[in-house]
Amino acid sequence: MRRALLAITGLAAGTTALVVLKGAPGAGQAGADVPAALAPVAPGGSAAPEPPSPTGSAPGVTPSPRASSKPTPKPSADRSAASRGGTRTRTTPAAPRTTTSAPKATTRTVTGPSVTYEYGSLQVRITLSGSRIVDATAIGLPLGGQSGQRSDDVQARYSGTSGEVVARQGANLSTVSGATYTSTAYKRSLQAALDKA
């Protein structure tokens with residue numbers, strides 16, 4: 001009778017332990033984790049032999065517990081980084097590159113209108129590189145005599161690559177002494193050429 005009572009008690013304790021451990025995490029290893037004291041007792045009073053370990057380890061060695069026998073799901077690709085706890089970065093398209101070199105200056109020639117004055121008529125032709133005046137010259141100046149002399153003085157002062165027009169970059173020129181009419185006509189034609197440029 002004593003043996004039967006021990007067998008029933010052992011069987012009940014083992015079954016209870018299995019039921020409790022079956023519902024706990026790591027249920028796949030419940031049989032391997034049962035301590036020897038709670039192992040079911042076979043009829044006859046001796047403990048039942050240990051079941052083989054699922055990992056193939058030696059009897060009496062308890063394998064390391066696992067959180068779950070199911071593989072952990074990987075986060076899906078369509079979840080945002082913010083929902084996974086990460087930082088979401090936004091990429092913006094790169095701005096178009098701009099060149100740092102200055103555009104090549106184009107050289108052009110502009111001729112002012114013919115201006116009539118007391119000694120004849122003249123017009124001024126300027127050469128520009130970009131917006132800068134690089135050369136100036138008067139066309140149609142009278143030759144010979146006093147008026148030719150005055151024309152030469154005006155041409156020498158105002159025209160050329162090193163003349164006053166290039167130095168001042170405009171029509172604000174000083175009047176040549178003794179050649180007021182020629183100087184005024186030169187400035188008028190020059191200003192009109194600058195306005196066209």
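Summary of the structure given here. Keep in mind it's a predicted model, so treat the numbers as computed, not measured.

With that settled, consider the packing of helix H3 (residues 145–158) against helix H5 (residues 180–196). Contact geometry for H3 and H5: axes closest at 9 Å, N-to-C directions at 45°. Relative to H5, H3 is oriented oblique. By crossing handedness, the relation of H3 to H5 is classed as right-handed. Residues Arg150, Ser151, Val154, Gln155 and Tyr158 of H3 pack against Thr182, Ser183, Tyr186 and Lys187 of H5. Of the residues belonging to the contact of H3 with H5, the class tally is three nonpolar, four polar and two charged.

Once that is clear, we can look at the nonpolar core. Side chains of nonpolar character tend, in soluble globular proteins, to be buried together. Formed by 23 residues in total, the largest nonpolar core has its most connected members in Leu122, Ile126, Tyr158, Val165, Tyr186 and Leu190. Residue assignment for this core shows that the elements contributing at least two residues are strand E2 (115–117), strand E3 (120–129), strand E4 (132–139), H3, helix H4 (164–168) and H5. Once you skip the residues sitting within four places of it in the chain, Tyr186 turns out to touch Leu122, Val124, Ala136, Thr137, Ala138, Val154, Gln155, Tyr158, Ser159, Val165 and Leu173.

When the terminal C-alpha atoms of H5 are compared, their 25 Å separation across 17 residues agrees well with the 24 Å that a helix rising 1.5 Å per residue should span. When H5 is considered as a whole, its buried residues turn out to be Thr182, Ser183, Ala185, Tyr186, Lys187, Ser189, Leu190 and Ala193.

On the secondary structure map, Lys187 appears in helix H5. Despite its burial, Lys187 remains without a salt bridge, the nearest opposite charge being carried by Glu164 at 7.4 Å. There is a polar contact of 3.1 Å between the side chain of Lys187 and the backbone oxygen of Leu173. Aside from chain neighbours lying at most four places away, what touches Lys187 is Tyr158, Ala171, Leu173, Ser174 and Thr175.

Conventions used here
- Residue positions are given per chain, counted from 1 along the sequence in the order it is written.
- Thresholds applied to this predicted model are a pLDDT of at least 70 for local features of residues and 80 or more for the giving and counting of side-chain atom pairs; totals over whole chains, interfaces and linings are not thresholded and use all residues.
- Where side-chain values are given, they derive from all heavy atoms of the structure, hydrogens and water being excluded.
- Convention adopted: a line fitted to C-alpha atoms gives each axis, helices being fitted over their contacting stretch, and angles between N-to-C directions are expressed from 0 to 180 degrees.
- Secondary structure elements are taken from DSSP: a helix is a run of H or I of four residues or more, a strand is a run of E of two residues or more, and numbering for both begins at the N terminus.
- For classification purposes, angles smaller than 35 degrees are called roughly parallel, those larger than 145 roughly antiparallel, those between 65 and 115 roughly perpendicular, and all remaining angles oblique.
- What makes a crossing left-handed is the near helix being turned counterclockwise from the far one by less than a right angle; a clockwise turn instead makes it right-handed.
- A contact between two residues is defined here by any heavy atoms of the two lying within 4.5 Å.
- Note on residue categories: nonpolar means Ala, Val, Leu, Ile, Met, Phe, Trp, Tyr, Cys or Pro, charged means Asp, Glu, Lys or Arg, and polar means any other residue, Gly included.
- We call a set of buried residues a nonpolar core when its members are Ala, Val, Leu, Ile, Met, Phe, Trp, Tyr or Cys and they connect through side-chain atoms within 4.5 Å of each other.
- A 1.4 Å probe rolled over the protein chains alone gives each residue an accessible area, and that area as a share of the maximum for its type sets the label: buried under 20%, exposed over 50%, partly exposed in between.
- Multiplying 1.5 Å by the residue count of a helix minus one yields the expected span of that helix.
- For this count, His and the chain ends are skipped, Lys and Arg are scored as positive, and Asp and Glu as negative.
- Salt bridges, as used here, are contacts in which a Lys or Arg side-chain nitrogen is within 4 Å of a carboxyl oxygen on Asp or Glu.
- Any pair of nitrogen or oxygen atoms within 3.5 Å is treated as a polar contact; in protein, a donor-acceptor pairing is required on top of that, and neighbouring residues in sequence qualify only through side-chain atoms on both sides.

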